[in-house]
Structure formats: C-alpha cells, structure tokens
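Listed here are the chains, written in short residue letters.
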There are 2 protein chains.
Amino acid sequence: MPLYLEQLETPAPVVDLDRLAMNLDRMAAYAAVHGLQLRPHVKTHKAPRIAAEQLRLGAVGLTCATVREAEVMSELTDDLLLAFPITGTTRLRRLMNIPPRVRLTVMLDSQRTAVQLAAAADEVGREVHVFVEQDVGMRRTGVQDAAAVVQLAEFVAERAPLKYDGLGFYPGHIRAAIGAQQPQLASLAQTLGASLEALDRAGLTPRVVSGGSTPAAWRMHEVAGITEVRPGTYVYNDRATAAVGACEWDECALTVLATVVSTSVPGQAVIDAGTKALGREPIDGARAPGADETQTAGFGALLDRPEVIVTRMSEEHGILDLSRTEWRPRVGDQVRVVPNHVCIVVHLNDVIYGVRGQDVVETKWPVTARGREAPEAVPAW
Amino acid sequence: MPLYLEQLETPAPVVDLDRLAMNLDRMAAYAAVHGLQLRPHVKTHKAPRIAAEQLRLGAVGLTCATVREAEVMSELTDDLLLAFPITGTTRLRRLMNIPPRVRLTVMLDSQRTAVQLAAAADEVGREVHVFVEQDVGMRRTGVQDAAAVVQLAEFVAERAPLKYDGLGFYPGHIRAAIGAQQPQLASLAQTLGASLEALDRAGLTPRVVSGGSTPAAWRMHEVAGITEVRPGTYVYNDRATAAVGACEWDECALTVLATVVSTSVPGQAVIDAGTKALGREPIDGARAPGADETQTAGFGALLDRPEVIVTRMSEEHGILDLSRTEWRPRVGDQVRVVPNHVCIVVHLNDVIYGVRGQDVVETKWPVTARGREAPEAVPAW
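The rules behind each value
- Here the residue index of a chain counts from 1 through its sequence in written order.
- By the order in which they are written, chains take letters starting at A while ligands take numbers starting at 1.
- In keeping with the model being predicted, local features are shown solely for residues with a pLDDT of at least 70 and side-chain atom pairs are shown and tallied solely at 80 or more, while totals for entire chains, interfaces and linings include all residues.
- Each side-chain value is worked out from all heavy atoms of the structure, with water and hydrogens disregarded.
- Secondary structure elements are defined from DSSP: runs of H or I of at least 4 residues count as helices, runs of E of at least 2 residues count as strands, and each element is numbered from the N terminus.
- Only the C-alpha atoms count toward the radius of gyration. The rule for a globule is 2.2 Å times the residue count to the power 0.38.
- Working definition: with a 1.4 Å probe on protein chains only, accessible area under 20% of the residue-type maximum means buried, over 50% means exposed, and in between means partly exposed.
- Note on contacts: a residue pair qualifies if any of its non-hydrogen atoms lie within 4.5 Å across the two residues.
- With residues, only the protein chains shown are counted as cover, and all accessible areas are computed by Shrake-Rupley using a 1.4 Å probe.
- By definition, a salt bridge exists where a carboxyl oxygen of Asp or Glu is found within 4 Å of a side-chain nitrogen of Lys or Arg.
- Counted as a polar contact is a pair of N or O atoms within 3.5 Å, where, for protein atoms, one must be capable of donating a hydrogen and the other of accepting one, and residues adjacent in sequence contribute only when both atoms are in side chains.
- In this classification, the charged set is Asp, Glu, Lys and Arg, the nonpolar set is Ala, Val, Leu, Ile, Met, Phe, Trp, Tyr, Cys and Pro, and all remaining amino acids, among them Gly, are polar.
- Paired strands, as defined in this entry, are two strands with at least two bridges between them according to DSSP.
- The angle between two axes is taken between their N-to-C directions and runs from 0 to 180 degrees, where each axis is a line fitted to C-alpha atoms and a helix contributes only its stretch in contact.
- Should an angle fall under 35 degrees it is called roughly parallel, over 145 degrees roughly antiparallel, and 65 to 115 degrees roughly perpendicular, with every other angle called oblique.
- With the far helix as reference, a near helix turned anticlockwise by less than a right angle produces a left-handed crossing, and one turned clockwise produces a right-handed crossing.
- Scored from 0 to 100, pLDDT records how confident the predictor is in each individual residue.
- Any helix carries an expected span of 1.5 Å times its number of residues minus one.
- Note on terminology: pairs of cysteine sulfur atoms within 2.5 Å are recorded as disulfides.
- As used throughout, domain bounds are those supplied by an automatic or database domain assignment.
- Defined here as a combined quantity, buried area equals the accessible surface (1.4 Å probe) lost by two parts on assembly, summed across both.
- Copies are brought into register by a least-squares superposition over C-alpha atoms of residues with pLDDT of at least 70 in both.
- Working definition: a ring pair exists when centres of Phe, Tyr or Trp rings (six-membered ring for Trp) sit within 6.5 Å. Plane angles under 30 degrees give stacked, over 60 give edge-to-face, the rest tilted.
- Definition used: whenever NZ (Lys) or CZ (Arg) falls within 6 Å of the ring centre and also within 35 degrees of the ring normal, the charge is taken to sit over that ring.

Novice: When you look at the overall build of chain A in this model, what are you seeing that I'm missing?
Specialist: Scanning chain A from terminus to terminus reveals 12 helices and 18 strands. Relative to the compact-globule value of 21 Å for 381 residues, chain A shows a C-alpha radius of gyration of 22 Å, a close match. By principal-axis analysis of the C-alpha atoms, chain A measures approximately 65 × 50 × 35 Å. Here chain A, with 381 residues, has 64% of them falling under the buried criterion. Partitioning the contacts of chain A with sequence separation of at least 6, the portion at a separation of at least 24 is 68%. Summed over all atoms, the accessible surface of chain A reaches about 13600 Å², with 49% contributed by carbon and sulfur.

Structure below.
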C-alpha cells in the first residue's frame, strides 16, 4: 500500500523525484556538451544516493566542504576536492585517513595552510593535490591578483608531497548569469586570463581551472580557460535560484511539507515550519536583478501558490502572509514550501523523503554527510 | 591527560560549564523568590543532562515544542507541556504514545486542534490537559481577545478526555523587559487581567497562567495572575539576549569555537563557522532599544573581542570585520564566537562540548532531542 504525503509528520523535506532526475540530467548534459568537467558540490544533498547518480551521469569526482562530507563520499569515488582551506592538526590528520586510493585535492589560499597540509600529508606519506584559489570578486577567500597566484603556486610546487595541480575560484557573487549583459562574466574572464597568462609565463600552467556555483555554472563555457565546474544547488534548486533566473519554478525539486497549525491572527496562517525547518535565508533583491518583490520577499513561498510567502518565522512557526491571495487555509491543511536556500534545509534534516507524482511517498534517504563528527562517533543510520 | 580546546575540530559548540551552572541557578532562584513555577523550555538545549539539572533545581516540569522533544524528556519528568498547537493524526498518535504516567498538557488556540487532540486522546483513553493560548501582542498564535479565550475554554471544558487547565501566552514581542519604563508590561497586565476576569465570570478560572521567554521572564512577577514561566534561552544566553539587556556578556555560556582559515582579503579574516554552524539570525536593532550598532550588527561577535563581528557568511565561511580592531589574526588561530541566537546553533549540532575554565574540555553531551524522527528511526548516540 503506498504511503501518501498526508501521512507524513510535518515539517518534512520532500523531493520530487522526477524533477530531481531532470535537474541531474540537465547539468550533466550542459557540462558534456561544452566539454567541461563536472565535479558537483555535495554540500547541497550530503547524500551518497544522489552523489552516486551524479557520478553515473559522468561527474569526474565530487567536491566537499567538510571532512565529514569527504569521509562519506570517499566510499563512492576515488577523486575528491576539498573546496575549503582546511586547517588544524586534528582535522588534517582525519582528512589524511581517507583511504589512500582516493586522490585528494585541497583548494587553498595561503602559505600557512599549504605548510600545515604538507606536514599532515608527509606524516602519512601521501601525495595531496592543490588548487590555488583566487578571489574573482566575491571577497571571501582567495589570493588577490595574478602575482599572488603565481607566488602561491610556486610555493606549493616546491613543497612535496603537495602537488600543484590547478587554479580554483568561486564566482558566488555572480547571481544573474542567465539573461542580459553580464559585465561580471567579462570581468571574470579578464581576471582569470591575467592569472593564466602569468602562470604560463612562470611555467606553472594549471592542469585544471575549476569554477562553479549553480547560477554561474550555466555560463562558464563562455569564459576561456575554465575546465571544470562545481555546482551544488542545481540538484534541488530553490527560490533564490529561481529568483535569479537560473532555474524555473517548476524545477524546484525540494519543498518542505508543513501543516497549518493556527489561523487565529487575521490576515495570516501559521505553519509548523520555522527557522528550524526552513532556515532564515533572505534573498537579497539587489543581487537578483529582474526579480520582483514577490519573488524575493520573505523566507520561502508555497509551491502551488508562489504569491503566498513566509514573511516571519520563529523557531517552529512560519507566518504565511495571506494578503496576496483569496485562499483561506484551515488548521490541519498541508502546504509545500519552496525554501529560499535549499542547502540549509538539507543541513537541518536527517532524512529526506522522495515523492513521485503529486503525493506518493516512494522512498526516503539519510543525509549521511550531515554533521561534523567522525564516523565512529555517529552510528550509521 | 586533559583535552584542550585547541585539540577540538572546529567549528564546535562549547559551553562554559561554570556559566551554565550560574545561569541555571539564577533563573531557579528568581522563580523561587517570586513564587512562580518554572517550566523551562527545552528547545534551547534539547539535552536530558541539562533538563535533569533544571528539574533538580526545582522546575515543576518541562516545556517542549516538538514530539521528539517530548519523547526524550518523558524519561526525566512526569509533567510535560507542549507549547505548540500540535495537529495531524500521525503526529498526535505518536504524542499519545508518551508513557501514560506523564501528565501531558497541550497549549492550543483553535477548536479544530482541540477536536483532533480529543480524538487522539480518546483513542488511547488518556486524559490530556489543555492551556488555551491567547495572543498578547506577538501576533503569531493565540486567540485574539477575552471573549475568544472564554469561548475556547468552554469548548475544551466540555470535551473529555481533554481537561481545561490554564491560560497560556508567549510574550516574545517583549524584548526590553529589563530596565526603564515598560508600556508593553502594562499592556500585558491589562490583556491578561481582562481574560482572567472573563474566565472567572464564566466559572472557568484557570489553575495555571503560563507565560515566559527569557527576556520577559525576569519581569513576570510584576504582572498579576501569572503563575508559571517558560524561559528557554537563559541556560546559555546569546548575543541577542545581551543586546536587550536580559543578560550580561559574561553570562553567555555557549560559544562556537572556530578557526581562522583565510586572511587573503584585506580588512577581514575568514573563519570556518558560517550559516551551517552559527545560523543566520540578525538582531533587529529596533527591538533592542538602548543597544548600539556594535551590539546588534552582524551574526555574532568574538567572546573576548565583542567589537569583532561576523558581518557576512556563506555556508561554511564566516567573515570577521577587522575594521574596529587592531588585532590581526593568522590562519590557524582559534576564536570563540558568541552567536546571535543560541537555540539555532544547538539545533545545528549533534554534540556539545563542556569547558571548564579557559580551555579544558571536561565533558561532552549529545543533543538528544534534536531532529524530528521517532526514536526507532534514530539510533541512540
């Protein structure tokens, strides 16, 4: 007997399995058509099941942000990139315990991180590949110019058992890569071009030039030199991705199933999904040009009534603003909320439910790589 | 051999055990001195270990928001309040599986919720107590006036096996209850006074009048009729609680231990605690009157340098603004961040570390009541 959505306890993250499959296909096809290597970031799903599908569809390896993610994903692939400047003796030792068959690459932006990584690698006699990270405009991590790129690449190249292997960047500031003119793309091409030229001159031509992020990924073939993309969000998409035009509303695969629990205050309905289920992730209207206020206000919107927005939240309460709708829900009604930022929603949950069609719960899977603990500290699901 | 902070992998939530003990004592003493019953909300800590200490110090029972919290806490007390209008057949059946020795109370604000609860209680032949919830100004849940309070109380009183038992409210809008004039307190007293008078006239005098929230808790003895408080945050406190004057900075017991991972971008340092470790919980300056911008900007601040603020975040990155300090950290340095909203930080973690003094890690405990799953779905820690 099938299990139906209405039988699930709420709040619960539910994934439309057909949309998930289409999203996985679409990015794999994009990368293949344009000759880009696809190395998906697992931070969005943290699930071996989806990572396996990404690899089956041609991904060259996986991208991770945490050691826990790397540990879990090492069971699926022999090629892992840590797109985070991992530091700390304890954490680096743990990273070095990843099975030796796995080619480990770390993206880093400082000599201190390189020295620590080299020491940890040396301790276990392991070669570790390195991407030098450049800041291309997001102002988060990454060295600041072509000269600094060359300097750090040289430093790494001389520091066995590290192996200088590539140039990495994260174009998270490029939010509106779909449509219209894109001066940010031109700026990115110029910045990368200068670095690649300088690296060539220094005899340090990178084997890999690795960029990504879901909104920017779809345009990376237009930027000369890039060989690899690392999108994460595309598997599920979310309201922010739709607001910047990098997916359609009906490509949002993950929703939070919630129940209306109160209609006492006029003009609103309260659901049982608050910050502990949806996160509190505003969409910056300034970074979503072309989107109107209905697409960016609040913290999520109903899948089948995108004009109904979660405008306020407490930890376990979400307030639906009913001012833009004639719909008047009753206590007990279920709704499905498209969250602003799906990566946070996944991180808040231990289990994801897979739905086929309108309402049949076909499967569920654990968010295995969630959390920070080493495997021995957390029992298997 | 002791374990030191510097040996922990970051990001990690660490609790100053002496501050925790003082915070627990202080609220217990306040309630005892003023003849208020203390029913702490476990949403902040989700840990049996701390709940047990709250009960040892005189708490009459515990407050929960989720069924998972109630299941875990039912091992510690025979008196649980669900301060949430729980609905849904599956979830209510699960709630009714709490051992029968436990006196269950549900706070609710609609006839529909009462009817569903009565049906579930009837199915297992269990008496369930009810607090009728009134909205006292937060505009979240709760019926809107004294007449509606009486109407719902009457409805519940006639609906065995429900047992009408009290009036509840959540004064989450009262953020500045410490200091100065407090028109909101006067308004609360007036609202509650009208409801209590109407209930008396209807022969429905409540046994319990239950309010709470950490900032308001300290003033609840000034409001006639209140018999019980339900603060949660006070065990750890946080930057928002300090900003509204409801705790001192050195009463913040939980910090997120983090490591500086990048200093490449001038004027800032990047730590490995982002939204997945700190949450993204702004402090609304308008709701923290008297606080200056340094106390409310951003998403957290360093414990020993509160002028250094986490101004931006990605999922695994926090950006420390160095514009207000001469301090220039190096990659690898550890810092301790006081988060804006501690309840969210706890919800993001599986394990909390207990620290004695400056840097000795004395113990750790699981966040047992985290998550949504029934016990059989989640192995014990």
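Novice: Please clarify how the interface of chain A and chain B should be interpreted in this entry.
Specialist: The figure often quoted for interface size is the accessible area lost as the parts come together. Taken together, the contact between chain A and chain B spans 69 residues of the former and 69 residues of the latter. On the surface where chain A and chain B come into contact, there are 12 salt bridges. When the shortest N-O distance is used, the salt bridge between A:Lys43 and B:Glu315 registers 2.8 Å. For the interface between chain A and chain B, the tally reads 38 residue pairs in polar contact (both at pLDDT 80 or more). Secondary structure elements with two or more residues in the side of chain A that touches chain B: α4 (89-96), α5 (111-124), β11 (254-262), β12 (268-271), α10 (275-278), α12 (342-347) and β17 (351-356) of chain A. Looking at the side of chain A that touches chain B residue by residue, the class counts come to 24 nonpolar, 23 polar and 22 charged.

Novice: Would you explain the sheet that holds strand β3 (residues 37-38) of chain A in this entry?
Specialist: Sheet strands pair by backbone hydrogen bonding; their relative direction is either parallel or antiparallel. Residue and element names in this part refer to chain A. Overall, parallel pairing links the eight strands, which are arranged β3-β10-β9-β8-β7-β6-β5-β4 in an open sheet. The sheet terminates laterally at β3 and β4 (62-64), the two strands that pair on one side only. Here strand β9 (residues 208-211) runs beside strand β10 (residues 228-229); their pairing, made up of two bridges, is parallel. Counted as the bridge partner of Gly211 is Val229 from β10. Sheet contacts for helix α6 (residues 146-157): β6 (103-108), β7 (128-133) and β8 (162-168); angle to β8, the most-contacted strand, approximately 155°.

Novice: Just to check I follow, could you spell out the pairing of strand β2 (residues 12-16) of chain B for this structure?
Specialist: Consecutive residues of a regular strand have side chains that alternate between opposite faces of the sheet. All names here are of chain B. Of all five residues that make up β2, five are buried, and the element is covered over most of its length. Here β2 runs beside strand β11 (residues 254-262); their pairing, made up of four bridges, is antiparallel. The partner of Val15 across the bridge, within β11, is Leu254. Inspection of the sheet shows β2 paired to strand β17 (residues 351-356) by three bridges, in the parallel sense. Bridging across to β17, Asp16 finds its partner in Val355.

Novice: So what exactly am I meant to see when it comes to the packing of helix α6 (residues 146-157) of chain B against helix α7 (residues 183-201) of chain B here?
Specialist: When two helices pack together, you describe them by how their axes are tilted relative to each other and by the distance separating the axes. Residue and element names in this part refer to chain B. Two elements in contact, α6 and α7, have axes whose closest approach is 8 Å; the angle formed by their N-to-C orientations is 40°. Of the possible angle classes, the one that applies to α6 and α7 is oblique. Here α6 and α7 pass one another in a crossing that is right-handed. Of the residues in α7, those touching α6 at Ala146, Val149, Val150 and Ala153 are Ala194, Ser195, Ala198 and Leu199.

Novice: Where do I start with the side chain of B:Thr214 in this structure?
Specialist: All names here are of chain B. Note on placement: Thr214 falls in helix α8 (residues 214-217). In terms of polar contacts, Thr214 uses its side chain to reach the backbone amide nitrogen of Thr233, at 3.2 Å. Leaving out residues up to four positions away in the same chain, Thr214 has contacts with Pro231, Gly232, Thr233, Tyr234, Asn237 and Thr241.

Novice: It is not clear to me how the pairing of strand β5 (residues 79-82) of chain A should be interpreted in this structure. Could you clarify?
Specialist: Residue and element names in this part refer to chain A. Along β5, one buried face is formed by Asp79 and Leu81 and the opposite face, lined by Leu80 and Leu82, is buried too. Alignment of β4 against β5, held across three bridges, turns out to be parallel. Paired with Thr63 across the strands is Leu81, a residue of β5. As paired elements, β5 and β6 share four bridges and run parallel to each other. Residue pairing for β6: Asp79 is matched across the bridge by Arg103.

Novice: Help me understand the confidence of the model for chain A in this model?
Specialist: Any residue range with low pLDDT should be treated as having predicted coordinates unsuitable for detailed reading. Across chain A, the average pLDDT comes to 94, with 96% of residues at 70 or higher. Scored below 50 in pLDDT, residues 377-381 of chain A shows nine contacts in the model against residues more than four places distant or in partner chains.

Novice: In this structure, what is going on with helix α1 (residues 17-33) of chain B? I would like to understand it.
Specialist: In an α-helix, one full turn covers 3.6 residues, which means residues spaced three or four apart are oriented alike. Residues and elements named next belong to chain B. A rise of 1.5 Å per residue sets the reference length of α1, with its 17 residues, at 24 Å; its end C-alpha atoms lie 24 Å apart and thus fit the reference within 8%. When we look at burial in α1, the residues that qualify are Leu17, Arg19, Leu20, Asn23, Leu24, Met27, Ala28, Tyr30 and Ala31. Those residues of α1 that are buried are in contact with β2, β3 (37-38), α2 (48-56), α8, β17 and β18 (360-366). The N-cap residue of α1 is Asp16: its side-chain oxygen and the backbone nitrogen of Asp18 are 3.0 Å apart.

Novice: Please clarify how the state of the cysteines should be interpreted in this entry.
Specialist: One way to say it: the disulfide is the covalent bond shared by the sulfur atoms of two cysteines. Residue and element names in this part refer to chain A. Considering all chains together, one arrives at zero disulfides over all chains under this definition. Cysteine Cys343 is unpaired, with the sulfur of Cys247 as its nearest cysteine sulfur at 12 Å. Residue classification places Cys343 among the buried positions, given a relative accessible area of 0%.

Novice: Where do I start with the domain arrangement of chain A in this structure?
Specialist: Residue and element names in this part refer to chain A. Under the domain assignment used here, chain A contains domain 1 (3-10 + 239-366) and domain 2 (16-235). Between the C-alpha centres of domain 1 and domain 2 there is a distance of 31 Å. Taken together, the contact pairs 26 residues of domain 1 with 24 residues of domain 2. Three residues, Ala253, Arg287 and Trp365, lead the burial of domain 1 against domain 2; their summed loss comes to 25% of the area buried on that side. Between Arg26 and Glu251 there is a salt bridge, and its shortest N-O distance comes to 3.3 Å. The tally of links from domain 1 across to domain 2 stands at eight residue pairs in polar contact (both at pLDDT 80 or more). Those elements that provide at least two residues to the side of domain 1 that touches domain 2 are α9 (239-243), α12, β17 and β18 (360-366).

Novice: I tried to follow the pattern of salt bridges on my own but got confused; where do I start?
Specialist: When their charged atoms lie close together, side chains carrying opposite charge are able to pair. In this structure the tally under the stated criterion is 50 salt bridges over all chains. With a shortest N-O distance of 2.7 Å, A:Arg101 and A:Asp78 are connected by a salt bridge. With A:Arg101 in the loop between α4 and β6 and A:Asp78 in the loop between α3 (67-73) and β5, this pair connects stretches of sequence that are 23 residues apart. The exposure class assigned to A:Arg101 is partly exposed, which follows from its relative accessible area of 46%. You can call A:Asp78 partly exposed: its relative accessible area is 43%. Each of A:Asp350, A:Arg370, B:Asp350 and B:Arg370 takes part in salt bridges that share partners, so that together they form one network.

Novice: Teacher, can you tell me more about the relation of the copies chain A and chain B here?
Specialist: Mapping one chain copy onto the other needs a rotation about an axis and a shift along that axis. Overlay of chain A on chain B (RMSD 0.0 Å): rotation 180°, translation along the axis 0.0 Å. Taken together, the rotation and translation relating the two chain copies correspond to the operation of a two-fold axis. By residue overlap, the copies meet face to face through one surface: 100% of the interface positions of chain A are interface positions in chain B.

Novice: Sorry if this is basic, but what is going on with the environment of B:Arg126 here?
Specialist: All names here are of chain B. By the element assignment, Arg126 lies in the loop between α5 (111-124) and β7 (128-133). Relative accessible area serves as the criterion here: at 8%, Arg126 is assigned to the buried category. Here Arg126 is in contact with Leu95, Met96, Ile98, Pro99, Pro100, Val102, Leu104, Ala121 and Pro161, once residues within four sequence places are set aside. In this structure the side chain of Arg126 is engaged in a polar contact, spanning 3.1 Å, whose partner is the backbone oxygen of Met96. A polar contact is formed between the side chain of Arg126 and the backbone oxygen of Ile98, at a distance of 2.5 Å.

Novice: Mind showing me how you'd approach the packing of aromatic side chains here?
Specialist: The geometry of two aromatic rings is summed up by the distance between their centres and the angle between their planes. Residue and element names in this part refer to chain A. Enumeration according to the criterion identifies two aromatic pairs over all chains in this entry. Their ring planes at 65° and their centres at 5.4 Å tell us that Tyr30 and Trp218 sit as a pair that is edge-to-face. Here Tyr30 is found in helix α1 (residues 17-33), whereas its partner Trp218 is found in the loop between α8 (214-217) and β10, with 188 residues between them in sequence. No difference in accessibility class separates Tyr30 from Trp218, as the two residues are buried. Lying over the aromatic face of Phe299, Arg280 brings its terminal NZ or CZ to 5.7 Å of the ring centre.

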